Amino acid sequence: MSIILIRHGETALNVARILQPADTPLSERGRRQAAAVAQRFFTAKIGAIVSSDLPRAVETARAISSVTSVAIRFSDLLQERNFGDLRGLPYDGLGYDPIAMTDAPPGGESIAMLHDRIDRALNFLREARAELESDLLVVSHGFFIRTLLALRVQMPNSSAAPLRIDNTSISVISREAPHLASVVNNTDHLSGDLRDSVGKLSGF
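Since this is a predicted model, take the numbers as computed values, not measurements.

The rules behind each value
- Residues numbered from 1 in each chain as written.
- Predicted model: local features only at pLDDT ≥ 70, side-chain atom pairs only at ≥ 80, totals over all residues.
- Heavy atoms only, no water.
- Helix = DSSP H or I, 4+ residues; strand = E, 2+ residues; numbered from the N terminus.
- Contact = heavy atoms within 4.5 Å.
- Polar contact = N/O pair within 3.5 Å; in protein donor to acceptor, adjacent residues only side chain to side chain.
- Pairing = 2+ DSSP bridges.
- Axes fitted to C-alpha atoms, helices over the stretch in contact; angles between N-to-C directions.

Chemist: Residue-level account of the environment of S52, with values.
Modeler: Among the structural elements, S52 can be located in strand 2 (residues 46-52). For S52 and A34, which are 18 residues apart along the polypeptide, the C-alpha to C-alpha distance reads 15 Å. Contact partners of S52, with chain neighbours within four places excluded, come to A57, V58, F74, S75, L78, Q79, V139, S140 and H141. Here the side chain of S52 touches L54 through a polar contact of 3.1 Å, landing on its backbone nitrogen. A polar atom in the side chain of S52 sits 2.8 Å from the side chain of H141.

Okay, structure coming up:
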């Protein structure tokens, strides 16, 4: 059995390329994406759902819960990287790439801090999965998932982790280290205008 990682649906700030405040909700399109990914799990055997407690992840997790009738457990360990005082600012207007920053932005989280939190989150997920007889479904964020894949997951055919994690994309990893990935950034449940556009920010 597996750990299934899902990025939340689209937000208006993803499209506007703005570093997102914690309270950012899904857009109308993001809610339709969440409904689409939920239908993908309509007949799946899901043992539990765990989710970031940020609103955009909560809305996505609730859409899946409404279809599967599986309760949700929330954890701040699964939140997106905290960009502190940069949240709410246009990505393209900063004059530098905050995504590549290793130091902590003012009031935010450094890469080292994020890596430590990812390790704690992965331990939390392993423990949650050990209690189940079927898959664990996890709703989180683009940069968090991308970093987890790069840091702690063995990618198919020794490939690199993707630079981009699409809204409501699915990645599936084995429950035990080295956490082999069998599916990465899959959005087969999205079609037409629900598919991601390349220009959006992948996370944040």
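Chemist: Describe the sheet that holds strand 1 (residues 2-7), with residues and values.
Modeler: Spatially, 3-2-4-1-5-6 is the arrangement adopted by the six strands of the open sheet, whose pairing is mixed. The open sheet has two edge strands, strand 3 (72-75) and strand 6 (181-186), and neither has a second partner. Direction aside, neighbouring strands of the sheet carry axes that sit 20° apart on average. Sheet analysis places strand 2 next to strand 4 (residues 135-140), joined by five bridges and oriented parallel. Counterpart to V50 in the pairing with strand 4 is V138. Along the sheet face, helix 5 (residues 142-152) touches strand 1, strand 4, strand 5 (170-174) and strand 6 and points at about 140° away from the line of strand 1.

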